[in-house]
Structures are given as structure tokens and as C-alpha cells.
Amino acid sequence: MASKSIFVLVIFSLISLFLGTSNAWLMQPDFYASSCPNVEQIVYNTMKQAVSKEPRMGASILRLFFHDCFVNGCDASVLLDDTPTFTGEKTAKANANNSIRGFEVIDAIKCNLEAACPQTVSCADILALASRDGVRLLGGPTWKVPLGRRDARTASLSLANKNLPPPSSSLANLTSLFARQNLNINEMTALSGGHTIGLARCINFRPHIYNDTDIDPSFAATRQANCPKQAGNGDFNLAPLDLQTPTKFDNDYFQNLVKKRGLLHSDQELYNGGSQDSLVKKYSTNQAVFFQDFVAAMIKMGNIKLLTGTKGEIRKNCRVIN
Ligand code: HEM
Ligand SMILES: *[C@@H]1O[C@H](CO)[C@@H](O)[C@H](O)[C@H]1NC(C)=O
Ligand SMILES: *[C@@H]1O[C@H](CO)[C@@H](O)[C@H](O)[C@H]1NC(C)=O
Ligand SMILES: *[C@@H]1O[C@H](CO)[C@@H](O)[C@H](O)[C@H]1NC(C)=O
């Protein structure tokens, strides 16, 4: 028996080596079944509290996971604080000035997990579970999260600046940034549906509402009312990425794109006469298909370049390496 499973393990290792793929096949939803049986309940309950206190938190945690996975894989590198001797990713263009948020919630989840099962559940797995629960708590789909990620002992500010898409991105820019992560253009469109929840800052949507022509003029006027034209004025003013329901995970984001009511330049690029128009239209009329594709793409994004087995570590505190 044992030799047979070792044989299977070796064969799988060889195949994955050969294909140059990740070790995602090692991941399993019941990874903590014996080491931390209540992990799912603990994450869910803490997220439930956080989201009922501030619904936006579901969105903020989802974005944290995205910004983690796109920089050297889903290894919780995004959570590491800067110190005098360590530079993390929090000052990257897309992250800086508290644009990414929710670290206190991740700390609370980690604290509750450490009490139940010390140094067992990785911060990277916490991000994957918490973002799934945030989506569900705001009315979106749920799914089983493959688990077994381990935490990085490094971070990369330069890769964060290179890999995280800016809101000025064209469709071609987005396509190549996602392709770099092995995500195709349709998966990119499905994942962009994450913008059905959460908020963005004036500094990020100002060029779109003042300078672009692929925008509904009355929508532009509405957004201009709380986002002055001059740079440096109201830069941090917030507006919902999904005009109607920024705390409900639904398909309104795509309905808005069809009406040229995308908030970011990059959002409207998905429906601007290009190859993604038909998929955006489909998602705008069929929420079930959007949910199905979003879930599949989230699982795939969650498997980018993982540390498994004995690589990396299980952090005691998500903000610092052990
Ligand atoms: C396609 C390329 C993407 C671009 C260019 C982009 C850009 C942005 C920008 C500029 C913001 C506003 C940040 C701020 O003003 O502080 C934002 C917010 C957000 N993004 Fe993205 N994003 C992209 C893809 C994604 C993906 C794939 C997800 C998740 C699956 C995601 C989830 C979110 C969420 C939930 C928020 C709101 C966060 C909050 O309210 O705290 N984004 N994004
Ligand atoms: C953060 O905000 C300050 C003050 O508005 C600004 O000068 C700085 O450029 C911002 N940093 C980044 C990386 O966006
Ligand atoms: C976006 O595309 C333009 C034109 O090809 C290119 O100059 C620019 O560097 C790209 N930006 C990113 C972030 O890929
Ligand atoms: C609009 O475009 C002009 C010309 O490129 C530029 O000078 C200006 O800063 C832009 N305005 C905004 C709000 O982005």
C-alpha cells in the first residue's frame, strides 16, 4: 500500500516537473481535517463579524488575495509589514496609501486560529478562505477552496509594481498582465467581476470620467461631482465600482459596462468594441454563468505558484516572517 502511494506520488511529481506546472495537485480542501478541523468555521465566523461591521471589508479582503497571488504566487507576501531592514509590497503603486486594506481582519482570523491550532494554518490559506467567505457573505457564490499553501519568507516591491494592473491599462495591457499569471483573457474578464463590490478613489478614476469618450455622459457628470478635475483635489474621495450595489456580489458590474458606466478606464476596456464584448454581454444577462466562471477562475488564481510541502513556513504572525 505504502509503496503504491509513494509510486503514485513520484509519478505525479515527475509529471508536474515535466509539465513545469505548479504543485497545485497537492492541494486539497480537507488539508487541515485532522490538524485544525474547525478552520473553516473560525475563518467564516470572523469574516461574518467583520463584514457585518463594515460590508466593504468583503471587497477589501478579495482584493488583498488578488494582490497576493499576482506577486510571486499566493504566499501571503502582501501581508508583510515594512521594517527598517525589510521592504514589503505595501508601498507598491497599486497598494500604497492604504489602498489595500483589511489587515486587521486577517490578524483577527490568525489570532483566533492560533488559539485553536497553533502555527498550523498558513496566512496564504487564510487569505484564500477569507476572500471566498467575503464573496459569499455579500451574496455571491461559494466554493471549496483547495488548501495547503505555505507562507513566503520574502516579498517583492518591484514585482508588485510590475505585475499589478494599473487602472490606466488597455485591454491589451490587461491581457498580457493576466497571461503572465497563466490566466487567459476570458478568465481575466470573469475575475474583473470582482469589481461588483467595493470602492475606488478619485485618483484612480479621474482620467476616465474627464478624458475618455467611452463613458455615459450623465454617469461621468455624477462621478465628477465628487471627484474634482484638478489633480491633488479630492484624490482620496471614494465612489462605488458598481454604481448600484457595491455591497452585493451580483452581475450589475457587467450590466453597467454594457451601458458605458464602468468606473475605471480598465473596466470599460472590457466592453469597448473588443474581443470581450460578447462575454461581458453574456455575464450581464446571465448571472449564473458569471458565478460559475468566476469560481473556476478564482480557484485557478488561487493556485498560482504555490509554496507547498516543506517550502516556506507557517507564520505565527501574518505581518512578519518567523
Ligand atoms: C483587471 C485588472 C484590475 C485592475 C486594473 C484593478 C484596479 C483596481 C483599482 C484601481 C481599484 C481601486 C483602488 C483604490 O482606489 O484604492 C480596485 C479595487 C478593487 N479591486 Fe481591482 N483591479 C483589477 C482586477 C481585480 C480582480 C481580478 C479582483 C478580484 C478578483 C479585484 C478586486 C477588487 C476589489 C474587490 C476592489 C475594491 C476594494 C475595496 O473596496 O477595498 N480587482 N481595483
Ligand atoms: C501617497 O499619497 C501621497 C499624498 O497624497 C502622494 O504624494 C504619494 O505620491 C502617494 N503615493 C503613491 C505611491 O501613490
Ligand atoms: C500597455 O501597452 C502600451 C502600448 O503597448 C505599453 O507602452 C505599456 O507599457 C503597457 N503597459 C503595461 C502596464 O503593460
Ligand atoms: C486629460 O488629458 C490631458 C491631455 O492629455 C491631460 O493634460 C490632463 O491631465 C487629463 N486630465 C485628467 C483629469 O486626467
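Since this is a predicted model, take the numbers as computed values, not measurements. What you see as residue numbers is a count from 1 along each chain, following the sequence as written. Here the convention is simple: chains get letters from A, ligands get numbers from 1, in the order in which they are written. Residues qualify for local features only when their pLDDT is at least 70, as the model is predicted, and side-chain atom pairs are given and counted only at 80 or more; totals for whole chains, interfaces and linings, by contrast, use all residues. Excluded from the side-chain calculations are hydrogens and water; all other atoms, namely the structure's heavy atoms, are used.

> Teacher, can you tell me more about the coordination of the iron atom of ligand 1 here?
Note on metal geometry: ideal angles are 109.5 degrees for four donors arranged tetrahedrally and 90 or 180 degrees for six donors arranged octahedrally. Any nitrogen, oxygen or sulfur atom within 2.8 Å of a metal ion counts as a donor, with the limit raised to 3.2 Å for Na, K and Ca, and since water is left out, coordination shells can look unfinished. The protein supplies the iron atom of ligand 1 with one donor atom, H195 (NE2), which lies at 2.1 Å. Secondary structure elements are defined from DSSP: runs of H or I of at least 4 residues count as helices, runs of E of at least 2 residues count as strands, and each element is numbered from the N terminus. By the secondary structure assignment, H195 is in the loop between α8 (185–192) and β1 (199–201).

> For this particular structure, what's the right way to read the environment of N72?
As for its position among the elements, N72 is in the loop between α3 (56–69) and α4 (103–116). Three labels apply to residues, based on accessible area from a 1.4 Å probe with only protein chains included: buried if under 20% of the type maximum, exposed if over 50%, partly exposed otherwise in between. Under the relative-accessibility criterion, N72 is labelled partly exposed at 28%. Sequence spacing of N72 and V135 is 63 residues, and the spatial spacing of their C-alpha atoms is 24 Å. Contacts are assigned to residue pairs with any non-hydrogen atoms lying within 4.5 Å of each other. Leave out the neighbours within four places in its chain, and N72 touches S156, L159 and K305. Any pair of nitrogen or oxygen atoms within 3.5 Å is treated as a polar contact; in protein, a donor-acceptor pairing is required on top of that, and neighbouring residues in sequence qualify only through side-chain atoms on both sides. One polar contact links N72 to K305, side chain to side chain, over a distance of 2.7 Å.

> Looking at this structure, how should I read the UniProt feature "binding site: Ca(2+) 1" (unreviewed entry) in the protein?
Following the UniProt record, one finds the feature "binding site: Ca(2+) 1" (unreviewed entry) at D68, V71, G73, D75, S77 and E89. These residues run over 22 residues, yet every pair of their C-alpha atoms falls within 13.1 Å of each other. Along the chain, S77 falls in the loop between α3 and α4. Exposure remark for S77: the relative accessible area of 1% places this residue in the buried category. If we skip the residues at most four places from it in the chain, S77 touches D68, V71, E89, T154, A155 and R315. UniProt positions are given in the numbering used here, feature names are shortened, and annotations may be inferred rather than shown by experiment.

> In this structure, what is going on with the packing of helix α2 (residues 39–53) against helix α5 (residues 123–137)? I would like to understand it.
Only the contacting stretch of a helix is used when fitting its axis, a line to C-alpha atoms as for every element, and angles between N-to-C directions run 0 to 180 degrees. Packing of α2 against α5 leaves a shortest axis separation of 9 Å and a crossing angle of 50 degrees. Taken together, the axes of α2 and α5 lie oblique to each other. By crossing handedness, the relation of α2 to α5 is classed as right-handed. Across from V39, E40, V43, Y44, M47, K48 and V51 in α2, the residues of α5 making contact are L129, A130, R132, D133, G134, R136 and L137. Residue composition of the contact of α2 with α5, by class: 8 nonpolar, 1 polar and 5 charged. What sets the label is the angle itself: under 35 degrees gives roughly parallel, over 145 gives roughly antiparallel, 65 to 115 gives roughly perpendicular, and the rest give oblique. Handedness of each helix crossing follows the sense of rotation of the near helix against the far helix: counterclockwise by less than a right angle gives left-handed, clockwise gives right-handed. Classes in brief: Ala, Val, Leu, Ile, Met, Phe, Trp, Tyr, Cys and Pro nonpolar; Asp, Glu, Lys and Arg charged; the others, Gly included, polar.

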